[in-house]
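Coordinate analysis (summary)
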Amino acid sequence: MVTHHTRDKDHSSPDAADGHHAAQSRHPLDPLDAGEIRQAVEILRRERSVSPDARFVSVSLNEPSKDQVAFATPDPPAPGQAADPGPGATVPREAFVILLEPRQHATYEATVSITTGSLLSWRLVPDARAPLMAAEYAACQVVTRADARIIAGLERRGITDPGKVHVEPWSIGTFAAPEEAGRRLVWTLLFYREQLDDNPYAKPIHGLHAVVDYDDMTVVRVEDLGVVPVPPGSGAYATSRVGPLRDDLKPLEIIQPEGPSFEVRGWEVRWQRWRLRLSFNAREGLVLHTIGYEDRGRLRPVLWRASVAELFIPYADPRPFQGFRNAFDIGEFGIGILANSLKLGCDCLGEIRYLDVELADGNGEPYTISQAICLHEEDAGLLWKHYDGNLGTTETRRSRRLVISFIITADNYEYAIYWYFYQDGTIEFEVKLTGIVLTSALPPGETSDFGTLVAPQTLAAHHQHFLSVRLDMAVDGLSNTVYEVDTEALAPGPSNPLGNAFRPVKRPLRRESEAQRLIDPLRGRYWLVANPGIKTELGHEPAYKLVPGPSVLAFSHPDASANQRAKFATKHLWVTPYSPGERYPAGDYPNQHPGGAGLPDWTKADRPIENTDVVLWYTVGSHHITRPEDWPVMPAERAGFMLKPAGFFDQNPALDVAPGSSPHC
Ligand SMILES: [Cu+2]
């Protein structure tokens, strides 16, 4: 499963080189491998009369409960000794399966014990519309291109070869016509790809849309809103089309002659003082588990589980059909299935370790996305420094960070998701947004308030991206309290005679209703996740603070359908008490859901959240007022946040980092 890469060699052989994975039993949090996926599907087919038309939406690990998993992984055995099976070795392996029966228009959930070969549960999910699957995407393109009404509409626009039409199915949300109620639908955007290596979004075919029933795979209706000429540009960006290329960059090589400083054992990662586990699933993609920091020989938990749990993209353009545009890339599609196979020296640079991931296709057959997860180290600039002017001495340390990343392509757009671990105990989340902005055509000479002209007759609509990052915290244990900390100035008076005084004011968020919060940069607002049951030697509650990044909220009206369905994006922070079924902030089945599921629903109970096992849901927003410079392919935009120790350690935990090996240091 682990593939190793050096700068110039591509060993794609599985991890025989590591020697330990194959010999080890599976850890309870390891994702299902191909064999387990196959077994789970076989058991389900045996126990239930799954129809030949059934489509497997996902087959993933049914994660064990927290009490079944130890935070630390036992050390590997010394030579000659038997491996310690560890507390997780006897945890049964279970699969969670989502199955679509398109003839019945029904979505089922099953849990299967791979260990005992039995079906544990099976239920019809009432009113659920299963997410949109990769195989369906391809089928939708075929039926749309073949539809006589579409062919006629294309001809009205001078397009005679439907084979050159790129069909993009979009989730329809709540915009189905009343007579289409109950069906599992998509609507399409069409683009004309005159040459094969043209930018697929350069020639939007305006005003021609199919509504397609994904279950039956039939075109339900075709709307033609009138002809707007196809824009003239090609939007080409491939190397072969943009020359001459710059030739004035000298080589920059990252050389780690002794290999990287991290260790990967199966799905466990160790780097510096950090210990964590990884997994991957169809819906969330990369998941981080049991993140701990080894402090003077003791592994101190920080996070139980971290992942991106929803990704919502609303668009600004109100014109007919354009106003339908919004997507829930995780709940309606799944970002695991959209993961790229990463290429050495392109997506990551240096001494790389890749992890392959195994998922189930629509038939329940396992398949591999090779090199889906990338691990590498980066120089991260200055860690700390001081020049002592009296002694004339300098102590400088460079910062190194461990980068764990994956990249998805969601139609036009790329999201590159990075988790950074630093030597001073900081964890950083960053998303880089790149790819191609979504276009529509404008009549010659026209502009729009709702987008930017990026090429002649080509409008890139303004839009936003909201990532809900689910942080199941465990700061020195599971019982945590979240405080909001604002900095306040004191009024001038006897206790503030010079008017200079300011102080942080810490307020516990006691119930869910108090824990739906916004950022406030002018108060220096942050949120502290503390363990109130413990005191450090200095007398602090050990804590990590969530340092928000610059962010926005959705601009769509509170009553707008998109807003109703993505309530999570109306706040930057939500805190809930941990509940194993609460995984997705816009609900389990956002596809065509009318709204209100997930966070707004759960938090109606207004549960207490003090000194308990808490989950933080932080909304990372990227507000995209499009620029001509975003065309034809967009330079990466960044957004994110940090988790920084704040009273977790008694001093700078990176004091013991050694100076660099440069003779000048
Ligand atoms: Cu954008």
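On a predicted model such as this, the values are computed, not experimentally measured, just so you know.

**Here we look at the overall build of the protein chain**
Of regular secondary structure, the protein chain possesses seven helices and 32 strands. Based on the C-alpha atoms only, the size of the protein chain along its principal axes is roughly 80 × 65 × 60 Å. Residues counted as buried form 54% of the 665 residues belonging to the protein chain. Of the accessible surface of the protein chain, which amounts to about 28,700 Å², a share of 52% is contributed by carbon and sulfur atoms. Within the protein chain, the 86 negative side-chain charges are centred at a point lying 2 Å from the centre of the 66 positive side-chain charges.

**Description of the coordination of the copper ion**
Protein coordination at the copper ion comes from Tyr413 (OH), His463 (NE2), His465 (NE2) and His624 (ND1), with a distance range of 2.0 Å. Taken together, the four donor atoms coordinating the copper ion span angles of 92 to 149° at the metal, a pattern that classifies the geometry as irregular. Sequence spacing of the donors to the copper ion: Y-x49-H-x1-H-x158-H. Of this pair, tyrosine 413 sits in strand β19 (residues 413-422) while histidine 465 is found in strand β24 (residues 463-473), placing the two residues 52 residues apart along the sequence. Among the residues examined, histidine 465 registers a relative accessible area of 1% and is labelled buried.

**Quick notes on unusual backbone geometry**
Cis geometry is found at the peptide bond from glycine 243 to proline 244, where omega equals -5°. Omega for the peptide link from tryptophan 631 to proline 632 comes to 0°, which places this bond in the cis form. The topology assignment puts proline 632 in the loop between β31 (614-624) and β32 (634-645). Phi angles above zero are rare outside glycine, and histidine 105 is one such case at about 50°.

**A closer look at the environment of proline 558**
Here proline 558 shows up in the loop between β29 (543-547) and α6 (561-565). Here the alpha-carbon distance between proline 558 and threonine 570, two residues 12 residues apart in the chain, equals 8.6 Å.

**Digging into the side chain of glutamate 332**
Structurally, glutamate 332 is set in helix α5 (residues 329-333). On the basis of relative accessible area, glutamate 332 is assigned to the buried category, the value being 0%. A distance of 2.9 Å separates the side chain of glutamate 332 from the side chain of arginine 565, its partner in a polar contact. If sequence neighbours within four positions are ignored, glutamate 332 has contacts with Pro131, Leu132, Ser171, Asn326, Ala327, Arg565, Pro590 and Asn591.

**Some words on helix α2 (residues 134-146)**
Residue pairs spaced three or four apart in an α-helix point in one direction, given the helix's 3.6 residues per turn. Helix length check: α2 (13 residues) gives 19 Å between terminal C-alpha atoms against 18 Å at 1.5 Å per residue, within 8%. Taken residue by residue, α2 has Glu136, Cys140, Gln141 and Thr144 as its buried positions. Take α2 and look down its axis: the buried residues cluster within an arc of 145°, on one side only. Along α2, the residues that are exposed and aim more than 90 degrees away from the buried face are Ala135, Val142 and Ala146.

**Concerning the state of the cysteines**
Summed over all chains, the structure comprises one disulfide. What pairs with cysteine 348 in a disulfide is cysteine 374, and their sulfur atoms sit 2.4 Å apart. Linking cysteine 348 in the loop between α5 and β16 (352-360) with cysteine 374 in strand β17 (residues 366-388), this pair joins segments that are 26 residues apart in sequence. Note on accessibility: cysteine 348 and cysteine 374 belong to one class, buried. Here cysteine 346 is not cross-linked by a disulfide; its sulfur's nearest cysteine counterpart is in cysteine 348, at 9.6 Å. What makes cysteine 346 exposed here is its relative accessible area of 61%.

**Notes on the sheet that holds strand β22 (residues 451-455)**
Read from one edge of the open sheet, three strands run β21-β23-β22, paired in antiparallel fashion. Of all strands in the sheet, those with a lone pairing partner are β21 (439-441) and β22, marking the two edges. When the angles between neighbouring strand axes are averaged without regard to direction, this sheet yields 40°.

**Some remarks on the pattern of salt bridges**
On inspection of all chains with the given rule, the structure shows 53 salt bridges. Between glutamate 395 and arginine 397 there is a salt bridge, with the nearest N and O atoms lying 2.9 Å from each other. The partner of arginine 525 in a salt bridge is aspartate 486, with the nearest N and O atoms 2.7 Å apart. Of the two residues, arginine 525 is situated in the loop between β27 (516-517) and β28 (526-530) and aspartate 486 in strand β25 (residues 481-489); the sequence distance between them amounts to 39 residues. Each member of the salt-bridge network shares a partner with another, and the members are Glu484, Asp486, Arg507, Arg517, Asp520, Arg523 and Arg525.

**Structural notes on a nonpolar patch on the surface**
Taken together, Tyr237, Val242, Leu245 and Val633 make up a surface patch of nonpolar side chains, about 330 Å² in accessible area. For valine 633, the position within the fold is in the loop between β31 and β32.

**Section: the sheet that holds strand β7 (residues 185-192)**
The strand order across the open sheet built from four strands is β6-β7-β8-β9, with neighbouring strands paired in antiparallel fashion. Of all the strands in the sheet, the pair left with one neighbour each is β6 (165-171) and β9 (218-224). Recorded for the sheet is a direction-independent mean angle of 30° between the axes of neighbouring strands. Across the sheet, α2 touches β6, β7, β8 (208-213) and β9, and the angle it forms with β6 is around 120°. Helix-sheet contacts for helix α3 (residues 148-156) involve β6, β7, β8 and β9, and the interaxial angle to β9 is about 25°.

**A short note on the nonpolar core**
Formed by 91 residues in total, the largest nonpolar core has its most connected members in Leu278, Trp419, Phe421 and Leu471. Top element by residues in this core is strand β14 (residues 298-314). It accounts for six residues. Beyond its immediate chain neighbours, meaning those up to four positions away, phenylalanine 421 contacts Trp271, Trp274, Leu276, Leu288, Ile291, Arg400, Arg401, Leu402, Ile404, Thr426 and Ile427. The next biggest cluster of nonpolar side chains, apart from the first, holds 21 residues, and it includes Ile37, Leu44, Ala106 and Ala110.

**A look at the pairing of β24**
Among the 11 residues in β24, 11 count as buried, and that is most of the element. Here β24 shows two buried faces, one formed by His463, His465, Leu467, Val469, Leu471 and Met473 and the other by Gln464, Phe466, Ser468, Arg470 and Asp472. Strand direction decides the pairing type here: β14 and β24, joined by eight bridges, are antiparallel. In the sheet register, leucine 311 faces β24, and the bridge partner there is leucine 467.

What counts and how
- Residues numbered from 1 in each chain as written.
- Predicted model: local features only at pLDDT ≥ 70, side-chain atom pairs only at ≥ 80, totals over all residues.
- Heavy atoms only, no water.
- Helix = DSSP H or I, 4+ residues; strand = E, 2+ residues; numbered from the N terminus.
- Buried < 20%, exposed > 50% of the residue type's maximum accessible area, 1.4 Å probe, protein only.
- Areas by Shrake-Rupley, 256 points an atom, 1.4 Å probe, with all protein chains shown as cover.
- Lys, Arg positive; Asp, Glu negative; His and termini not counted.
- Charge placed at Lys NZ, Arg CZ, Asp CG, Glu CD.
- Donors = N, O, S within 2.8 Å, 3.2 Å for Na, K, Ca; no water.
- Tetrahedral: all angles 85-135°; square planar, octahedral: opposite > 155°, others 65-115°.
- Polar contact = N/O pair within 3.5 Å; in protein donor to acceptor, adjacent residues only side chain to side chain.
- Contact = heavy atoms within 4.5 Å.
- Expected span 1.5 Å × (residues − 1).
- Arc of directions from axis to C-beta.
- Disulfide = S-S within 2.5 Å.
- Pairing = 2+ DSSP bridges.
- Axes fitted to C-alpha atoms, helices over the stretch in contact; angles between N-to-C directions.
- Salt bridge = Lys/Arg side-chain N within 4 Å of Asp/Glu carboxyl O.
- Patch = residues over 30% accessible without salt bridge, like charges linked within 9 Å, V, L, I, M, F, W, Y side chains within 5 Å.
- Core = buried A, V, L, I, M, F, W, Y, C linked by side-chain atoms within 4.5 Å.

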